[in-house]
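A structural walkthrough
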Amino acid sequence: MADETGTGEEACGICGGGTLEEVLNYRSLQRVTSDCRSWPAGGRLGVCRACGAVQKPADDAFLTDIEAIYRSYTIYHQAAGAEQAVFEQVSGLPASRSVKLLDTFRRYVGLNATGRMLDVGCGNGATIRAFGQVAPGWTKVGTEFDDKYRSEVESIPLTEPLHVGPVGEVAGTFDVITMIHVLEHIVDPVAVLATLRGKLTPGGLLLIEVPHHPANPFELLIADHRSHFTADSLSRALTAAGCEIMSVAENWIPKELSVVARPAVAQRPAAPGGEPVAARDRIAGSIAWLRRTADRLRELADTGSVGLFGTSIAGTWLAAEAGDRIGFFVDEDPNRSGRSYLGRPVLSPATVAAGSRVFVGLPPAVAAGICGRLATPGVAYLAPPA
Ligand SMILES: [Zn+2]
């Protein structure tokens, strides 16, 4: 992959040994931020020629983008007026899913009755609160880059004072460290994972949760995600950081990867092989599908009024792709229906008028479930292209 002068080669942030090949048709795609704002085209996406890890090169343009995105995150939250709902949308796991994830983890590893856990990038404490529900005897501590949610986090029972600053500065060691929807944002994921490994007790466990782009192509459009992980690339990053994988699950939470790891007893070489060809093919297929999906929505808008299902990443991106031609949104979340989004009303399925068409622009497997579930006489729920 060329650097800004077009002459250099950028190193892979996962294996360190390969260089990045740019996905050339990515730059022309509009993007979205992880807090669901439209973001202009111009990003760069690369695939490591050696290991196949998919990532944004951490060049000046990317660093400038993420600085601008994170600076306006706060402004956006304050303006939105529904801070907690927005924050949970940003972290990607509403409270109920945090409990489901941590309960699955607890049953998988068999947690002791007591211990000490650290949540990296704890936000308003959703993961810490959920951990307290599934392991009530544990003490807990969170880290963040500011203390906006300090009182909320510290009000959770058995929770130590919030640590504001780099995770390497947190005192002591931990029996469990969780990192939920954080690693994909980090510029040097291997270095941070190595720091976390050094914070684990002997026998301590890491739980990492990230989006899984093969199950959700829209994830590739998120401007502030540095890494777009697969089971292979996340395992590779953990191995490079001196960890041993215990479990990689694609089914603990839909469209996400849940990985449990522990410190490796002996330094192991990186896994051989890698998947550069498969990764390039998969990305090309995902981008082609995203374009077909946007085309389909524009065709529908050309032939009459159309609504759009969902008000998160996919809905935000598709609405921008369709210009101002979306009549309304449909959302099953009662916290979102009845409001407006991007200047359009958000309807619950029950309030969609007879004769309406609603485009379900989500990954085909997800869309099929929604179209089947919401099928009703008089309202056409339309699936995306295959
Ligand atoms: Zn690589």
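Residues numbered from 1 in each chain as written. Predicted model: local features only at pLDDT ≥ 70, side-chain atom pairs only at ≥ 80, totals over all residues. Heavy atoms only, no water.

What follows deals with the overall build of the protein chain. When its secondary structure is counted, the protein chain shows ten helices and 19 strands. Its C-alpha atoms give the protein chain a radius of gyration of 21 Å, near enough to 21 Å, the size a compact globule of 386 residues would have. Overall size of the protein chain, expressed as C-alpha extent along the three principal axes, is 60 × 55 × 35 Å. Residues counted as buried form 53% of the 386 residues belonging to the protein chain. Put simply, 63% of the contacts in the protein chain that link residues at least 6 apart link residues at least 24 apart. For the protein chain, the exposed surface amounts to about 15,700 Å²; the carbon and sulfur share of it is 56%. If the 35 positive side-chain charges of the protein chain are averaged to one point and the 42 negative ones to another, these points end up 4 Å apart. (Helix = DSSP H or I, 4+ residues; strand = E, 2+ residues; numbered from the N terminus. Rg over C-alpha atoms; globule rule 2.2 N^0.38 Å. Buried < 20%, exposed > 50% of the residue type's maximum accessible area, 1.4 Å probe, protein only. Contact = heavy atoms within 4.5 Å. Areas by Shrake-Rupley, 256 points an atom, 1.4 Å probe, with all protein chains shown as cover. Lys, Arg positive; Asp, Glu negative; His and termini not counted. Charge placed at Lys NZ, Arg CZ, Asp CG, Glu CD.)

Another aspect to go through is helix α9 (residues 313-321). Most of α9 is tucked away, with eight of its nine residues classed as buried. All of the buried residues in α9 are Ile313, Ala314, Gly315, Thr316, Trp317, Leu318, Ala319 and Glu321. At the exit of α9 stands Gly323, carrying a positive phi of roughly 65°.

The next thing to look at is the coordination of the zinc ion. At this site the zinc ion is bound by Cys12 (SG), Cys15 (SG), Cys48 (SG) and Cys51 (SG), with donor distances of 2.2 to 2.4 Å. Angles of 106 to 112° at the metal separate the four donor atoms of the zinc ion, which places the site in the tetrahedral class. Written as a sequence motif, the donor residues of the zinc ion are C-x2-C-x32-C-x2-C. Comparing Cys48 with Cys51 shows no difference in burial state: the two are buried. (Donors = N, O, S within 2.8 Å, 3.2 Å for Na, K, Ca; no water. Tetrahedral: all angles 85-135°; square planar, octahedral: opposite > 155°, others 65-115°.)

Attention now goes to the packing of aromatic side chains. Throughout the structure, instances matching the rule amount to five aromatic pairs. Between Phe218 and Trp289 the ring centres are 5.5 Å apart and the planes differ by 80°, which places this aromatic pair in the edge-to-face class. Of the two residues, Phe218 is situated in the loop between β10 (200-211) and β11 (227-228) and Trp289 in helix α8 (residues 276-302); the sequence distance between them amounts to 71 residues. Among the residues examined, Phe218 registers a relative accessible area of 1% and is labelled buried. Judged by its relative accessible area of 5%, Trp289 falls in the buried class. Considering the side-chain rings of Phe329 and Tyr341, the 5.3 Å spacing of their centres and the 75° angle between planes classify their relative orientation as edge-to-face. One end of the pair, Phe329, is in strand β15 (residues 328-330); the other, Tyr341, is in strand β16 (residues 340-341), with twelve residues separating them in the sequence. Taken individually, Phe329 and Tyr341 each receive the classification buried, so the pair is uniform in this respect. Members of the aromatic cluster, each reached through a chain of ring pairs, are Phe218, Trp289 and Trp317. (Phe/Tyr/Trp six-rings, centres within 6.5 Å; stacked < 30°, edge-to-face > 60°.)

Even without being a glycine, Cys36 presents a positive backbone phi close to 65°. Inspection of the secondary structure assignment puts Cys36 in the loop between β2 (31-32) and β3 (38-39). Despite not being glycine, Leu158 shows a phi value in the positive range, around 60°. Take Leu158: it is sitting in the loop between α5 (150-154) and β8 (163-164).

Moving on, we come to the domain arrangement of the protein chain. Domains assigned within the protein chain are domain 1 (20-81), domain 2 (85-263) and domain 3 (279-382). The centre of domain 1, based on its C-alpha atoms, is set 22 Å off from the matching centre of domain 2. With 28 residues of domain 1 at the contact, the number on the domain 2 side is 20 residues. Interface area, domain 1 with domain 2, both sides summed: about 2,000 Å², of which 60% is carbon and sulfur. For the pair domain 1 and domain 2, the interface holds zero salt bridges. For the pair domain 1 and domain 2, the number of links is eleven residue pairs in polar contact (both at pLDDT 80 or more). (Domains from an automatic or database assignment. Buried area = accessible area lost by both parts, 1.4 Å probe. Salt bridge = Lys/Arg side-chain N within 4 Å of Asp/Glu carboxyl O. Polar contact = N/O pair within 3.5 Å; in protein donor to acceptor, adjacent residues only side chain to side chain.)

Time to look at the pattern of salt bridges. Pairs can form between side chains of opposite charge once their charged atoms are near each other. Tallied over the full model, the rule gives 25 salt bridges. Glu67 is paired through a salt bridge with Arg71; the nearest N and O atoms lie 2.6 Å apart. Here the residue Glu67 and the residue Arg71 both occupy positions in helix α1 (residues 60-80), the gap between them amounting to four residues, near one helical turn. Under the relative-accessibility criterion, Glu67 is labelled partly exposed at 45%. Exposure remark for Arg71: the relative accessible area of 51% places this residue in the exposed category. Arg373 is the partner of Glu332 in a salt bridge, and the nearest nitrogen-oxygen pair spans 2.6 Å. Note that Glu332 is positioned in the loop between β15 and β16 and Arg373 in helix α10 (residues 364-374), a separation of 41 residues in sequence. Members of the salt-bridge network, linked through shared partners, are Glu10, Glu22, Arg27, Arg44 and Asp59.

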